[in-house]
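Next come the chains, spelled out residue by residue.
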4 protein chains.
Amino acid sequence: MQITDNFDSGNIRVIDASDASNIQLEIKKDNQSDFYQWFHFKLQTDLSANGDRLEHVMHLNNAGKAAYVEGWEDYQAVASYDREHWFRVPTQYDGEKLTITLTPEYDSVYFAYFAPYSYERHQDLIHNAQMHLDCQLQVLGQTLDGRDMTLLKIGEEGEGKRKVWITARQHPGETMAEWFVEGMLDRLLDEDDGVARALLNKTVFYIVPNMNPDGSARGHLRTNAVGANLNREWLEPTMERSPEVFLVREKMLATGVDMFLDVHGDEALPVNFVAGCEGVVAYDARHKALEDKFKEIMIAITPEFQDERGYDKDEPGKANTTVGTNWVGNQFKCLAYTIEMPFKDNDLLPDYIVGWSDERSSILGRDFLTGVYHMVDDLR
Amino acid sequence: MQITDNFDSGNIRVIDASDASNIQLEIKKDNQSDFYQWFHFKLQTDLSANGDRLEHVMHLNNAGKAAYVEGWEDYQAVASYDREHWFRVPTQYDGEKLTITLTPEYDSVYFAYFAPYSYERHQDLIHNAQMHLDCQLQVLGQTLDGRDMTLLKIGEEGEGKRKVWITARQHPGETMAEWFVEGMLDRLLDEDDGVARALLNKTVFYIVPNMNPDGSARGHLRTNAVGANLNREWLEPTMERSPEVFLVREKMLATGVDMFLDVHGDEALPVNFVAGCEGVVAYDARHKALEDKFKEIMIAITPEFQDERGYDKDEPGKANTTVGTNWVGNQFKCLAYTIEMPFKDNDLLPDYIVGWSDERSSILGRDFLTGVYHMVDDLR
Amino acid sequence: MQITDNFDSGNIRVIDASDASNIQLEIKKDNQSDFYQWFHFKLQTDLSANGDRLEHVMHLNNAGKAAYVEGWEDYQAVASYDREHWFRVPTQYDGEKLTITLTPEYDSVYFAYFAPYSYERHQDLIHNAQMHLDCQLQVLGQTLDGRDMTLLKIGEEGEGKRKVWITARQHPGETMAEWFVEGMLDRLLDEDDGVARALLNKTVFYIVPNMNPDGSARGHLRTNAVGANLNREWLEPTMERSPEVFLVREKMLATGVDMFLDVHGDEALPVNFVAGCEGVVAYDARHKALEDKFKEIMIAITPEFQDERGYDKDEPGKANTTVGTNWVGNQFKCLAYTIEMPFKDNDLLPDYIVGWSDERSSILGRDFLTGVYHMVDDLR
Amino acid sequence: MQITDNFDSGNIRVIDASDASNIQLEIKKDNQSDFYQWFHFKLQTDLSANGDRLEHVMHLNNAGKAAYVEGWEDYQAVASYDREHWFRVPTQYDGEKLTITLTPEYDSVYFAYFAPYSYERHQDLIHNAQMHLDCQLQVLGQTLDGRDMTLLKIGEEGEGKRKVWITARQHPGETMAEWFVEGMLDRLLDEDDGVARALLNKTVFYIVPNMNPDGSARGHLRTNAVGANLNREWLEPTMERSPEVFLVREKMLATGVDMFLDVHGDEALPVNFVAGCEGVVAYDARHKALEDKFKEIMIAITPEFQDERGYDKDEPGKANTTVGTNWVGNQFKCLAYTIEMPFKDNDLLPDYIVGWSDERSSILGRDFLTGVYHMVDDLR
Ligand SMILES: [Ca+2]
Ligand SMILES: [Ca+2]
Ligand SMILES: [Ca+2]
Ligand SMILES: [Ca+2]
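Just so you know, these numbers come straight off a predicted model, no measurement behind them.

Reading guide: rules and limits
- Residues numbered from 1 in each chain as written.
- Chains lettered and ligands numbered in written order.
- Predicted model: local features only at pLDDT ≥ 70, side-chain atom pairs only at ≥ 80, totals over all residues.
- Heavy atoms only, no water.
- Least-squares fit on C-alpha atoms with pLDDT ≥ 70 in both.
- Contact = heavy atoms within 4.5 Å.
- Helix = DSSP H or I, 4+ residues; strand = E, 2+ residues; numbered from the N terminus.
- Expected span 1.5 Å × (residues − 1).
- Buried < 20%, exposed > 50% of the residue type's maximum accessible area, 1.4 Å probe, protein only.
- Salt bridge = Lys/Arg side-chain N within 4 Å of Asp/Glu carboxyl O.
- Donors = N, O, S within 2.8 Å, 3.2 Å for Na, K, Ca; no water.
- Domains from an automatic or database assignment.
- Buried area = accessible area lost by both parts, 1.4 Å probe.
- Nonpolar A, V, L, I, M, F, W, Y, C, P; charged D, E, K, R; others polar.
- UniProt positions renumbered as here; feature names shortened; annotations may be inferred.
- Polar contact = N/O pair within 3.5 Å; in protein donor to acceptor, adjacent residues only side chain to side chain.
- Axes fitted to C-alpha atoms, helices over the stretch in contact; angles between N-to-C directions.
- Parallel < 35°, antiparallel > 145°, perpendicular 65-115°, else oblique.
- Left-handed = near helix turned anticlockwise from the far one by under 90°.
- Pairing = 2+ DSSP bridges.
- pLDDT = per-residue confidence, 0-100.

Trainee: Please give an account of the relation of the copies chain A and chain B that cites residues and values.
Mentor: The transform that puts chain A on chain B rotates by 180° and translates by 0.0 Å along the axis, for an RMSD of 0.0 Å. This pairing of chains is accounted for by a two-fold axis. Considering only C-alpha atoms, the residue of chain A closest to the rotation axis is Ile301(A), which sits at 3.7 Å. When the interface residues of chain A are mapped onto chain B, 100% of them are again interface residues, pointing to one common binding face.

Below you can see the structure in the form of C-alpha cells.
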C-alpha cells in the first residue's frame, strides 16, 4: 500500500499507511499560510493475503482545523480510477477527522476534494482556444513561480463594444471554477452557437481561466506561492506578493470593464449562487437593477441556479474592497458578481453518484453565457 | 460525369448531363402528389482534358413550378464532399430555373435542399436513445411502406407529471426538424444537465423524431408514401391514407397532452418562429398567456429566435383543424406551437458559409428545452 | 411485438409473431434466385403483463433449405441494441429450423446473420476516402438498380508502379468483406503509417469496397438485383445481367493487374483462409511461389490467419474461370487470392461474446496490408 | 515576447529575449550532471508595431557542447500551437549554436527536441490501462523525488507462460520511447486484436512505460533526479542513487525474463534499429539465432525498421554490463534488445512535415507486438 501526492495539485502528508483499515493522513497547509482544506492523493491498494480487495479507511486527522470546517458537514470526497470519471465515496466527519472509506475496484485510485484541473489541461485549454479566429492568447506577465498569467481575449474590440471580464480560480483549490470556464469557452468558441455569435457582435470577452496557476500546481486551497489570498489583494496588489492580481488589474484599467464575473467554489453551501458588490460606495439603484435582472434570467435559464441561499449582504459602504468583485464593481461602476458553486452537491437537484461535478460546472458555464447575452445591452 | 439519386432521400431526374457547363435536371414530384421542392443528388465530376477541375452548372428546370417558389428567392443550395459538413454554394433563381454552380474540389459531391437526415441515422438516433435508463422506445404501428412509427417516451409517468409531446418532420423534406430533435434529445438524455434532470422530475416527454419515415426515405418534400400531406390529416386520419397521424393521435388521446411542439421548416422566411393555434374554438386568454410567455422566454434564451416575422394569425374560430397544432391545441386545450426554421439562413445572424444548418438546428433544439423547462409549472 | 425488415439490407418474412415464445419466420430468397441465407430484422419486444422482459424464441423455419446448411452448424446469430455493438446470441439448428432465443434487455433489438454494413456507411466510407490527397473516387458506371460502381484509386500511377486490385462483397451477404476493406483503407490512408507510405511509393491500389451494392441494399445473400451470382460472371459479363463485373473487368483490362485480392465470407468454415487459382491454365511455378510466400507471411503476421483448413484445390486446368479470382489470375498471370473469413468464429482464437466480428474483420484488413507490402517487390 | 519553461519537462534558460530577430537561449544541464540536449520551451510571440506576425530567431547558444553534437546535424526542431500536433521547423546548426527560425501563425508556440510526453499523460496511460481485465497496475516503489515506479502486468502468469519485459525512457528526454509504449499498449489491450489475444494466451507482459519519471518531469535529457544515467546502473543499482533500476531489477529477478526490449531514442542516426547483447559472456549461438530471427521478422513487418545502420557491435565478452540490455541478456540468457528510434527522421521513408514523430513511434510500438508474437514460441 502506498499513498503519494507528487503530482499536479497533489496534497497529503502520510502519517501511517501500514494498515488499510486505519490509514492516518494530514492535509498540508498552503505554503506560508495557515489555510488548508484541498487534498488530492493517490492510493496504491493492498490486497488481502488471498488476493481479495480490501476496504481502505483513510483518516484526514487534521480536518477539524481546516479553513472551513462547515465544509465537511454532509461532504463526500471524490475518487477516480481512470482520472476522467470522478464519483463520490462514503465520507464521515466527526468534528475532528474526515474519514473516507472505499473498497477499490482497481489497483490504483485517486482521491480529491473536487475533480482536479491540472496545469497540463490548463495549457491545453488556452492553446486550443488560440486556434480560433476570434481568440487572442495574451501573456500579462509571470507569477512568482514563473508561470504565465494568461488572458484570452475573444472578439474584436471596437466602438460601442461591451467588455466582459471573467476570472476564475483566484482560490486554486476551487477547481470547479476552471471547469466552469472550460464549458463557457466551449460555447463561446462554437461557430454554430447563436448566443456566442450574437454576443461577439457586441462584446469583447477578457477571460483569465486560472488566476492562480502557482497555487493550483502546488495543491493549495486558497493562496498563491507565497501565501497571499489573492481575493484580498485587489486594493493594493504588488508584483512582489500578488503579481497575479496586479497584472490583471492593470489590464482591466487599460481596457475598462462593463461586466465582471469572478468564479469560485464555496465549501459550505450546497447550492449555486452569486454575491454582488452591494457594500461598495459606488453601488446604486442601477447596479441593483442589473443584479436583479441577471439573477432573474439565470433562475429562468437553469434550475442549477438559485437566489434564496447565499452570503449575507454587506451593509452600504461596508464592503471589503480588497475583494475582486467589490473592487471591480466600485472602480468601473459595473455589474460585478462572484459566482459560487458547491464542493458538495446542489441540494435542489441532488445527484448521489457524482454530486456537484466537473461536468455540471462546465454546463453551468455554458448556461451563464446565456445570462451574459441577456444583459449585454443593458450594461451601460 | 454522372448524376444519381438512388440513395436515401435522393431526388432528381436527369434530363441531360452531357455538358458540365449546362446540366439539365428536374425535381421529381412526391409520389401521388403534385408537391415537389426537395432535391438531393450526387454529382460525379468531370475533369477537363488536362485533368483540371471543371465548373459544373446545374439547372433545376422545373424549380419555377415547385411548391413554394418564394423559397428560391435568396436561397443557396447546400453541398458536401464528405457527407458530414454541408456548405452553401452559389445558387440563382430566374423565376423559372434554379441554377447551382460549383467547381468541385473533390471527385464526388452531394447537393441537397438542406442537410439530409437519413433513415439509417434515424435508427441510430432512436436506438442510442433507448440505451438510457429514462427512455422507452415504443413502436406505435407501421407506415404504408412498412416502416415503424416510433415514439420515445422519456421520463416516468406519474401523478401530476406534465405530458409534453414533440413531433417532427411531418413534412419529410424539412430535415432540420429531425436535427432539432437530435439536439433536444442529446440534452434531455444528458445525466449531467440540470435542465433535463429538473424537467424529468415533473414531466414526461413523448417524442416522435420522424412523423413521416416513408416520405423521408423516398425523398419527398411534403407527403407520405401515398401523397398525403400529414399536416392536413389530423381531423380524420385513417390507417389507409395517414396511419402516421392516426397512430400518434390515438396515443395522444390515450396519454393526454399538456404541451405540444410540432417541428417544421419554412421554405420562404429566413428566420425562426412559432405559429400557434389562435384560430381554434378552444383558444382563450390562458392559451394566449402561455404562448406569450413561451415566446418571451425563447427570445431571452437565444438570438436565433424571434417573434416579429412569421405567419399571419388565423382569425378567431377560423383555424384549419386538420393541422396538427390546431387539432392538438383545441382538443387538449394546451399550449401548441408549430416551430418553423429556415431553409435559407437566419437573417438576424447570417452565416455566409453554412447558412441555417444542421448544427444550428440541433443547438436550437437544445435551447428549446430551456423554454419547456420554464413553462412546465404553468401548463395546467 | 413487431418484427420488421424495411431498412437497409433487411430480410425476413413474418409468418406468425403473435406469441413471443414461438415466433415463426422465414428468410426471403434473393430476387430472381433460389439462394437465401442472409437475414436481418428488428424485433420490437413484448413485455409480460407485469412489465417484465420476456424471452423471445424466433424460429427461421426454412433454414434447412438455405444455400449452405452446413453454415448453421455451431452458428450463433448476432444481435445489437444500439446498432454499433453486435454480440452473439443463443442459436440452435435442428436440421430444419434455426432457432434464436433472447430475453432482450432493451425495447428494440436487431438480429442479423453478421454485423451489417449499410449503403449509407458505404457512401460515408468512400467519401471520407476521397478527402485524402492520395485517393481518387471514380464511378465506373451504374448497377441495374441505378447505384454507383465505385472504384477508389489510391496512389499515383507511374513507371514501374505495381497495380494491386482489391474487390469485396461480390456476395452481398458477406458483409465482413466490407468491414475488412474499411480496416485496410484506414491504414492505407493513414499518413503516419510506414507500411502504407512505403507501399504507395511503389504501388497503386484499385479498391472496389462493394462489388454488389444492389444486392447489399436489398438484403441478398449471394446475387445482384436480377439474381446473378457475380462470382460466376467473370468470363462473359454483360451490362444487362452483371454490369458490376463488366465494368470492373473493363477497368482491369485498361489498368492491368499485378495482384488481386477478392474478399469474401465463408458460411461453413470457422477459420480465415485464402483460395488461389491453382486450376487455371496460366498457373505455374511462379504463381505457386508467390502464393506460398504470401501465405507464409500472413501466418507470420497474424494468428487470425491459417492455411490448414480451406477449400479443396482445383486440379490443374480444371478451374472454373467464371470465378473472379480464377479469371484474373489467368488473364493477368498474377497472384490472385480469394480471402475467406468466417460467419461463425475463428476456432483458433475463439471469442464467445462476439465470435468473428466486424472489428476483427477490420483488423484483418489492416494486417493484410502488411502482407501486400511484403509481396510487392516480387510480383513481377 | 516571453520565453518560459515552468511546465512539465520544460528546459531552457533565457539569456536575452528582447529582440525577436535575435533571441539568446541556453539549454540547462540535467541536475547534478553535465549532460544536456533536451529542450522544451514556450514562446509568447511579439507582433510588429502594425500587428503583423514577426519572424522569431532563437539561438541555443550552448548547443555545441551538448551531449551528442552529431545529433544537431540535419536536425529540425519540433513545434506546436495546440500541444497535440507537432511539426518540424527550420533549424540550423553552425557547430556552436542551434538556431530555430519561425514566423508563428498563432500567439503562443511550444518548441521541443521531440514531441513531449508529460507526467499527466503518463498517469492517464497507466490508469486507463488498469481498467482492462487483463491488466494489473503495480507500484514497485518510489523515485528520489517521490514519484511512483509503475509496472503494468498484462496477462495471467501460469505454467509455461513466457515473460516479456518492456522498459522505456531510462533516458527521459527520449520521449519517443513512451509514445512507442502507448501504441504497443493500445494494441495489447484491444480485445479484438488477434495478435494481442494470441500473445496473452502464452505470454505475460511486464511493462514499465517510464523508467525515469523524475528526469522526465524535470526536463532532463539522460539522468534521474540526482544525475544518475540509469542505463549505466544495472550492475549495482542502489536505492540511494538509482532506485528506478534497483526496483525493476529486483522484480525481474523475482519473475524471470524470457525476452527484454528496452526502448530508446538515438540523437544521431536517422533510422530505427536494435542493439543486442552480443558482447556479454552468456551470449551464444542461440542468442544470435533469436536476434536474427527477430530482426528478420521486423524487417518483414515494417519498412520503418532496418538493420543496415546501427551501433558498432561489442566484441565478445567486452560488453558494458552496466547497461540494461546487456545485464538482462546476460543474467537471464534471453533475447534482449535496445530499440532505438530517431530524433530526426527515418531517412528510408522521410516525412518533411513531421519527421519521425509521436504517431510514428506509436505505430512502431504496435508493429513490434507482431514481432514479439512471432518470437514467443522460440524464446526457450
Ligand atoms: Ca472562494
Ligand atoms: Ca412545414
Ligand atoms: Ca463467398
Ligand atoms: Ca538512449
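Trainee: Got a sec to walk through helix H2 (residues 176–188) of chain A? Specific residues and values, please.
Mentor: All names here are of chain A. Look at H2: 18 Å from first C-alpha to last across 13 residues, which is about the 18 Å you get at 1.5 Å a residue. Extensive coverage of H2 is indicated by the burial of 12 of its 13 residues. Those residues of H2 not exposed but buried are Met176, Ala177, Glu178, Trp179, Phe180, Val181, Glu182, Gly183, Met184, Leu185, Arg187 and Leu188.

Trainee: How would you summarise the pattern of salt bridges if you had to cite specific residues and measurements?
Mentor: A side chain with one charge may pair with a side chain of the opposite charge, provided their charged atoms come close. Residue and element names in this part refer to chain A. Summed over the entire model, instances satisfying the criterion amount to 93 salt bridges over all chains. Measuring nitrogen to oxygen at the nearest pair gives 4.0 Å for the salt bridge that ties arginine 222 to glutamate 174. With arginine 222 in the loop between helix H4 (213–218) and helix H5 (243–255) and glutamate 174 in the loop between strand E13 (162–168) and H2, the pair connects residues that are 48 residues apart, well separated along the chain. Classification of glutamate 174 as buried rests on a relative accessible area of 1%. A salt bridge links arginine 241 to glutamate 233, with the nearest nitrogen and oxygen atoms 3.1 Å apart. Within the structure, one salt-bridge network assembled from shared partners comprises Asp145, Arg147, Asp214 and Arg218.

Trainee: Which residues make up the arrangement of the chains, and what are the values?
Mentor: Regarding chain A and chain C, which are not in contact, the minimum distance between any of their C-alpha atoms is 22 Å. Left apart from each other, chain B and chain D have a closest C-alpha approach of 22 Å.

Trainee: An account of the interface of chain A and chain B is requested, with residue identities and associated values reported.
Mentor: Facing 29 residues of chain A, the contacting portion of chain B comprises 29 residues. Counting the contacts that link chain A with chain B gives two salt bridges. For Arg187(A), the salt bridge is made with Asp367(B), and the minimal N-O distance between the two is 3.5 Å. Those elements giving two or more residues to the side of chain A that touches chain B turn out to be helix H3 (194–202), helix H6 (285–301) and helix H8 (358–375) of chain A. Considering every element that reaches the side of chain A that touches chain B, the biggest residue donor is H8(A), with eight residues.

Trainee: Kindly report on the coordination of the calcium ion (ligand 2), identifying the contributing residues and their values.
Mentor: Residues and elements named next belong to chain B. Summarising the metal site, the calcium ion (ligand 2) is bound by the protein donors His171 (ND1), Glu174 (OE), Glu174 (OE) and His264 (ND1), whose distances to it range over 2.4 to 2.6 Å. Ordering the donors of the calcium ion (ligand 2) by residue number gives the pattern H-x2-E-x89-H. Here the two residues histidine 171 and glutamate 174 agree in accessibility, since each one is buried.

Trainee: Break down the domain arrangement of chain A for me, citing the residues and quoting the values.
Mentor: Residue and element names in this part refer to chain A. Taken domain by domain, chain A comprises domain 1 (2–112) and domain 2 (119–376). Each partner contributes residues to the interface: domain 1 has 23 residues there, and domain 2 has 25 residues. Buried surface at the junction of domain 1 and domain 2, summed over both partners, amounts to about 1900 Å²; 52% is from carbon and sulfur atoms. Linking domain 1 with domain 2 are zero salt bridges, by the criterion used here. Class assignment for the residues of the side of domain 1 that touches domain 2 results in eight nonpolar, eight polar and seven charged.

Trainee: Residue-level account of the UniProt feature "active site" (unreviewed entry) in chain A, with values.
Mentor: All names here are of chain A. What UniProt calls "active site" (unreviewed entry) maps, in this numbering, to Glu340. Tracing the chain through its elements places glutamate 340 in strand E17 (residues 335–342). Once you skip the residues sitting within four places of it in the chain, glutamate 340 turns out to touch His264, Gly265, Asp266, Val271, Asn272, Phe273 and Tyr311. Here aspartate 266 takes part through its backbone nitrogen, which lies 3.3 Å from a polar atom of the side chain of glutamate 340.

Trainee: Explain the packing of helix H5 (residues 243–255) of chain D against helix H7 (residues 324–332) of chain D to me, using residue names and the numbers behind them.
Mentor: Residue and element names in this part refer to chain D. Their axes nearest at 12 Å, the elements H5 and H7 cross at an angle of 20°. Relative to H7, the element H5 is oriented roughly parallel. H7 is crossed by H5, and the crossing has right-handed handedness. Counting all contacts with H5, which are made through Arg249, Met252 and Leu253, the residues of H7 involved are Trp327, Val328, Gln331 and Phe332. When the residues that make up the contact of H5 with H7 are grouped by side-chain class, the tally is five nonpolar, one polar and one charged.

Trainee: How would you explain the interface of chain A and chain D if you had to name every residue and give the values?
Mentor: Every contact between the two is made by 34 residues of chain A and, on the other side, 34 residues of chain D. Approximately 3100 Å² of surface area, both sides summed, lies buried where chain A meets chain D, with 41% of it carried by carbon and sulfur atoms. In terms of surface lost to chain D, no three residues of chain A exceed Asn6(A), Arg83(A) and Glu120(A), which account for 19% of the buried area on that side. On the surface where chain A and chain D come into contact, there are six salt bridges. Salt-bridge contacts for Glu120(A) lead to Arg83(D); the nearest nitrogen and oxygen are separated by 2.7 Å. In this structure, the connection of chain A to chain D is made through 28 residue pairs in polar contact (both at pLDDT 80 or more). When contributions to the side of chain A that touches chain D are tallied by element, the ones reaching two or more residues are strand E1 (2–4), strand E4 (40–44), strand E10 (108–112), helix H1 (119–130) and strand E11 (135–142) of chain A.

Trainee: Can you break down the environment of Asp378(A) residue by residue, with the values?
Mentor: Residues and elements named next belong to chain A. Examined against the element boundaries, aspartate 378 turns out to sit in the segment after H8. A relative accessible area of 34% means that aspartate 378 is categorised as partly exposed. In the structure, aspartate 378 is positioned 104 residues away from valine 274 in sequence and 19 Å away in space, judged by C-alpha atoms. Contacts of aspartate 378, omitting those with residues within four sequence positions, involve Leu290 and Lys293. A polar contact of 2.3 Å, which involves the side chain of aspartate 378, links it to the side chain of lysine 293.

Trainee: Any details on the sheet that holds strand E17 (residues 335–342) of chain D? Residues and values, ideally.
Mentor: Residue and element names in this part refer to chain D. Pairing is mixed in the open sheet, where seven strands are placed in the order E11-E12-E14-E13-E15-E17-E16. The open sheet has two edge strands with one neighbour each: strand E11 (135–142) and strand E16 (273–275). With strand direction ignored, the average angle separating the axes of adjacent strands in the sheet is 25°. Where strand E13 (residues 162–168) lies against strand E15 (residues 259–266), five bridges are found, and the strand directions are parallel. Residue isoleucine 166 lies in a different strand from E15, and its bridge partner there is leucine 261.

Trainee: So, the UniProt feature "domain: Peptidase M14" (unreviewed entry) in chain A: which residues are in play, and what are the values?
Mentor: Annotation from UniProt places "domain: Peptidase M14" (unreviewed entry) at residues 115–376 of chain A. With 37% helix and 18% strand, residues 115–376 of chain A has end C-alpha atoms that lie 32 Å from one another.

Trainee: Which residues make up unusual backbone geometry, and what values do they have?
Mentor: Positive phi values are uncommon outside glycine, yet Ser9(B) reaches one of about 65°. Its place among the elements puts Ser9(B) in the loop between strand E1 (2–4) and strand E2 (13–16).

Trainee: So what's going on with the confidence of the model for chain A? Residues and values would help.
Mentor: The share of residues in chain A with pLDDT of 70 or more is 100%, and the mean pLDDT across the chain is 97. Under the prediction, the complex receives an ipTM of 0.96, its pTM being 0.97.

Trainee: Tell me what's going on with the side chain of Thr203(B), and back it up with residues and numbers.
Mentor: Residue and element names in this part refer to chain B. Among the secondary structure elements, threonine 203 is positioned in strand E14 (residues 203–208). Residue threonine 203 is classed as buried on the basis of its relative accessible area of 0%. Polar contacts involving the side chain of threonine 203 include one to the main-chain carbonyl oxygen of leucine 199, which spans 2.8 Å. Excluding its chain neighbours within four sequence positions, the residues that come into contact with threonine 203 are Ile154, Gly155, Lys161, Arg162, Val164 and Val376.

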